[in-house]
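Observations on chain architecture
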Amino acid sequence: VIVTGRIEDVRRARWGDPKLSWGLVPTMGSLHEGHRSLVRRAGADNDRVAVSVYVNPTQFAPSEDLDAYPRDPERDLDLLQRENVDLVFTPGDEVMYPPGFQTEVIVREVAKPLEGASRPDHFKGVATVVAKLFNVVQPSRAYFGQKDAQQTVVLRQMVRDLSFNVELVICTTVREPDGLAMSSRNAYLAPAERTAATVLYRALSKARAAYEQGERRGAVLRRILTKTIAAEPLARPDYASAADPDTLAELDYIGDGVLLSAAIFIGKTRLIDNMLLTNGSDF
Ligand code: PAF
């Protein structure tokens, strides 16, 4: 495995044999089973796999958890070596945002609701860093988890609008046995909070069950989410949504499909999860 923080090294490896296809898995490290599933899928689809490990400061608001964000580079590298990854890109801030940096990628409408409403500059940071990673690695395909549903919508819009020559592959959310979606931020949870955190999956499952029994009113599905979350004393709801999977506009009535999503605070920890339902099934 090549481990490097230098853009020149990535370019040299990437273009050594231009005929080979490359899959890129962008991460912020603190790798878990969700990331492992992205890496394996990238390995199955491509000749070579690159993983970037970079905690991107511009997608955190000043009030958020940038400093506390879990970091374990040695464990990450060990996991990636065992997965036979070909290249690990570990840039520093001076490589990603060199002195004088002044360019940003702003995706407008789909970045506004949901996460965007609670975290106003978040997707500007995500789109800018992912655009840069795409330009550094120039992957054939890039892999993202469905867990960050709005991120996938925002990045798909960016790829389409700016004609990035990359195929986005969105992979199913990996869950703990009790349903909690894998997330690096789960590490923040104290034992009682960890138990309470399953409310997110329980709420989404309840709304999905109602949908599968024929409920098509968005307001009713949102109410199921809100009420289930409100019944958990340790959870504070942020938003509960039943939205169009492409535009992320809240739906009154569900026709083709719906993205059910919610964000909650458990103590200081903010958690998100979602289920994408089309023709009665979870994606
Ligand atoms: O999903 C993430 O871990 C991050 O948002 C990403 C895509 C690596 C950009 O920093």
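Structure's up top.
The text that follows walks through the structure, step by step, so that each part is easy to find. (Residues numbered from 1 in each chain as written. Predicted model: local features only at pLDDT ≥ 70, side-chain atom pairs only at ≥ 80, totals over all residues. Heavy atoms only, no water.)

What follows deals with the site of the ligand. In the vicinity of the ligand, the residues found are Pro-26, Thr-27, Met-28, Asn-56, Gln-59, Val-129, Val-130, Phe-144, Asp-148 and Gln-151. Within the side chain of Gln-59, an N or O atom sits 2.6 Å from an oxygen atom of the ligand. At 2.7 Å from an oxygen atom of the ligand is found a side-chain nitrogen or oxygen belonging to Gln-151. Protein burial of the ligand: of its 280 Å² of free accessible surface, 89% is covered by the chains. Where the shell around the ligand is concerned, the elements lending two or more residues are strand E2 (22-27) and helix H6 (122-137). Tallied by class, the residues present in the shell around the ligand amount to five nonpolar, four polar and one charged. (Near = heavy atom within 4 Å. Polar contact = N/O pair within 3.5 Å; in protein donor to acceptor, adjacent residues only side chain to side chain. Areas by Shrake-Rupley, 256 points an atom, 1.4 Å probe, with all protein chains shown as cover. Helix = DSSP H or I, 4+ residues; strand = E, 2+ residues; numbered from the N terminus. Nonpolar A, V, L, I, M, F, W, Y, C, P; charged D, E, K, R; others polar.)

So, on to the pattern of salt bridges. Under the defined criterion, the tally for this structure stands at 22 salt bridges. Between Glu-109 and Lys-112 there is a salt bridge, with its nearest N and O atoms 3.0 Å apart. Between Glu-167 and Arg-141 there is a salt bridge, with the nearest N and O atoms lying 3.3 Å from each other. Highlighted residues: Glu-167 in strand E6 (residues 167-171) and Arg-141 in strand E5 (residues 141-145), separated in sequence by 26 residues. When salt bridges with common partners are traced through the structure, they connect Arg-6, Glu-8, Asp-9 and Arg-12 into a single cluster. (Salt bridge = Lys/Arg side-chain N within 4 Å of Asp/Glu carboxyl O.)

By the definition in use, this model includes four aromatic pairs. Considering the side-chain rings of Phe-60 and Tyr-69, the 5.7 Å spacing of their centres and the 75 degrees angle between planes classify their relative orientation as edge-to-face. The burial state of Phe-60 is the same as that of Tyr-69; both residues are buried. With a centroid separation of 5.0 Å and 80 degrees between ring planes, the pair formed by Tyr-97 and Phe-101 is classed as edge-to-face. Linked through ring pairs, Tyr-54, Tyr-97 and Phe-101 together constitute an aromatic cluster. In this arrangement the basic side chain of Arg-14 is found over the ring face of Trp-15, its NZ or CZ atom lying 4.0 Å from the centre. Residue placement shows Arg-216 over the ring face of Tyr-211; its charged tip is 3.8 Å from the ring centre. (Phe/Tyr/Trp six-rings, centres within 6.5 Å; stacked < 30°, edge-to-face > 60°. Buried < 20%, exposed > 50% of the residue type's maximum accessible area, 1.4 Å probe, protein only. Lys NZ or Arg CZ within 6 Å of the ring centre and 35° of its normal.)

A few words now on the sheet that holds strand E4 (residues 87-89). Strands sit in the order E1-E4-E3-E2-E5-E6 across an open sheet of six strands; the sheet is parallel. This sheet does not close on itself; its edge strands, each paired only once, are strand E1 (2-4) and E6. Neighbouring strand axes in the sheet, compared pairwise and without regard to direction, differ in orientation by 20 degrees on average. Sheet topology note: the E1/E4 ladder contains three bridges and is parallel. Of the residues in E4, the one forming a bridge with Ile-2 is Leu-87. Against the sheet, helix H2 (residues 33-45) contacts E2, strand E3 (48-53), E5 and E6, and its axis sits at roughly 155 degrees relative to E5. (Pairing = 2+ DSSP bridges. Axes fitted to C-alpha atoms, helices over the stretch in contact; angles between N-to-C directions. Contact = heavy atoms within 4.5 Å.)

What follows is about the nonpolar core. One finds Val-130, Phe-134, Phe-144, Met-158 and Leu-168 to be the most contacted residues of the largest nonpolar core, which totals 43 residues. A total of ten residues in this core trace back to one element, the largest contributor, which is H6. The contacts of Phe-134, once residues within four sequence positions are left out, are Leu-24, Pro-139, Ala-142, Phe-144, Met-158, Val-159, Phe-164, Val-166 and Leu-168. One finds Val-199, Ala-203, Leu-221 and Ile-254 within the second-largest nonpolar core, a separate group that totals 28 residues. (Core = buried A, V, L, I, M, F, W, Y, C linked by side-chain atoms within 4.5 Å.)

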